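Per-entry structural report
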Amino acid sequence: MNSRIEVFLGDITTLHVDVVVNAANPSLMGGGGVDGAIHRAAGPALLEACKVVRQQQGECAPGQAVITLAGDLPAKAVIHTVGPVWHGGEHHEARILEEAYRNSLNLAAANGYHSLAFPAIGTGVYGYPRAAAAEIAVNTVSDYLTRKPLPERVYFVCYDEENARLYKRLLTQRGQET
Ligand code: AR6
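Below is a summary of the structure that appears in this document. (Residues numbered from 1 in each chain as written. Predicted model: local features only at pLDDT ≥ 70, side-chain atom pairs only at ≥ 80, totals over all residues. Heavy atoms only, no water.)

Let us look at the site of the ligand. Lining the immediate surroundings of the ligand are 21 residues, of which Asn-25, Gly-32, Val-34, Asp-35 and Gly-124 lie closest. In this structure, a nitrogen atom belonging to the ligand sits 2.8 Å away from a side-chain N or O atom of Asp-11. Here an oxygen atom of the ligand and a side-chain polar atom of Asn-25 are 2.7 Å apart. Compared with its free state, where it exposes 690 Å², the ligand has 90% of that area covered by protein. Of all the secondary-structure elements, those providing two or more residues to the shell around the ligand are β2 (19–24) and α1 (33–42). A per-element tally of the shell around the ligand places α1 first, with four residues. In the shell around the ligand, the residues fall into ten nonpolar, nine polar and two charged. (Near = heavy atom within 4 Å. Polar contact = N/O pair within 3.5 Å; in protein donor to acceptor, adjacent residues only side chain to side chain. Areas by Shrake-Rupley, 256 points an atom, 1.4 Å probe, with all protein chains shown as cover. Helix = DSSP H or I, 4+ residues; strand = E, 2+ residues; numbered from the N terminus. Nonpolar A, V, L, I, M, F, W, Y, C, P; charged D, E, K, R; others polar.)

What follows is the structure in structure tokens.
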């Protein structure tokens, strides 16, 4: 049993966690979906911080992650990661999605953060099938937490009940109550 993982149904921008993960695009300049919601709630300071990262490091490749301040969000930091665009599953989509989760966890741990919230990366505009994406999310995070002390607590934030049920079922199957 791994009580370090929890499913939360609702808006990720409301969470009082150390780190909120954003499902961004390579430009880091904002967009729709959860990216738009996070930028709206965080205010203009977030876009300014993203511009600085962009100037220093260029675009954020799919599977990579970068960290910024969180502006007006209750969180302390935002980790921006980029999921794969779904092209049918034969274009390294699974590996890229796994990397997006793992690099976000590594970055949070490297910065000493204790709690982190993930949206369902890639499953909106980018078109990754929900069940397959949830399986990768649950497996990658569970495996990571069995090996590492930080982050202590991870939330899978689901925007609708169907997705929340999916995550809960997968976590129960792995013997990881939430
Ligand atoms: N809180 C939690 N989850 C949310 C919220 C929210 N406020 N809003 C949406 N979701 P998407 P992607 C869920 O499209 O597929 C952007 O334009 C949503 O229901 O946000 O990785 C970026 O700039 C879905 O389950 O991300 C990129 O261009 C999940 O978040 C592109 O979309 C992810 O959907 C990235 O596409």
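Picking up where we left off.
All right, on to the packing of aromatic side chains then. Summed over the entire model, instances satisfying the criterion amount to four aromatic pairs. Taking 6.4 Å as the distance between ring centres and 25° as the angle between the ring planes, the aromatic pair formed by Phe-118 and Phe-156 counts as stacked. With Phe-118 in strand β5 (residues 115–118) and Phe-156 in strand β6 (residues 153–158), the pair connects residues that are 38 residues apart, well separated along the chain. A relative accessible area of 0% places Phe-118 in the buried class. Take Phe-156: its relative accessible area is 1%, and that puts it in the buried class. Aromatic pair Phe-156 and Tyr-167: ring centres 4.8 Å apart, planes at 40°, arrangement tilted. One end of the pair, Phe-156, is in strand β6; the other, Tyr-167, is in helix α5 (residues 161–173), and eleven residues separate them in sequence. (Phe/Tyr/Trp six-rings, centres within 6.5 Å; stacked < 30°, edge-to-face > 60°. Buried < 20%, exposed > 50% of the residue type's maximum accessible area, 1.4 Å probe, protein only.)

Okay, the environment of Ala-120 next. Structurally, Ala-120 can be placed in the loop between β5 and α4 (130–147). For the pair Ala-120 and Ala-49, spaced 71 residues apart in sequence, the C-alpha to C-alpha distance is 23 Å. In contact with Ala-120, not counting residues within four places along its chain, are Tyr-101, Val-157, Asn-163 and Tyr-167. (Contact = heavy atoms within 4.5 Å.)

Moving on: helix α3 (residues 93–110). Taking 1.5 Å of rise per residue, 18 residues should cover 26 Å, and α3 covers 26 Å from first to last C-alpha, within 8% of that figure. Within the span of α3, buried status applies to Glu-93, Ile-96, Leu-97, Ala-100, Tyr-101, Ser-104, Leu-105 and Ala-108. Just downstream of α3 lies Gly-112, where phi reads positive at about 75°. (Expected span 1.5 Å × (residues − 1).)

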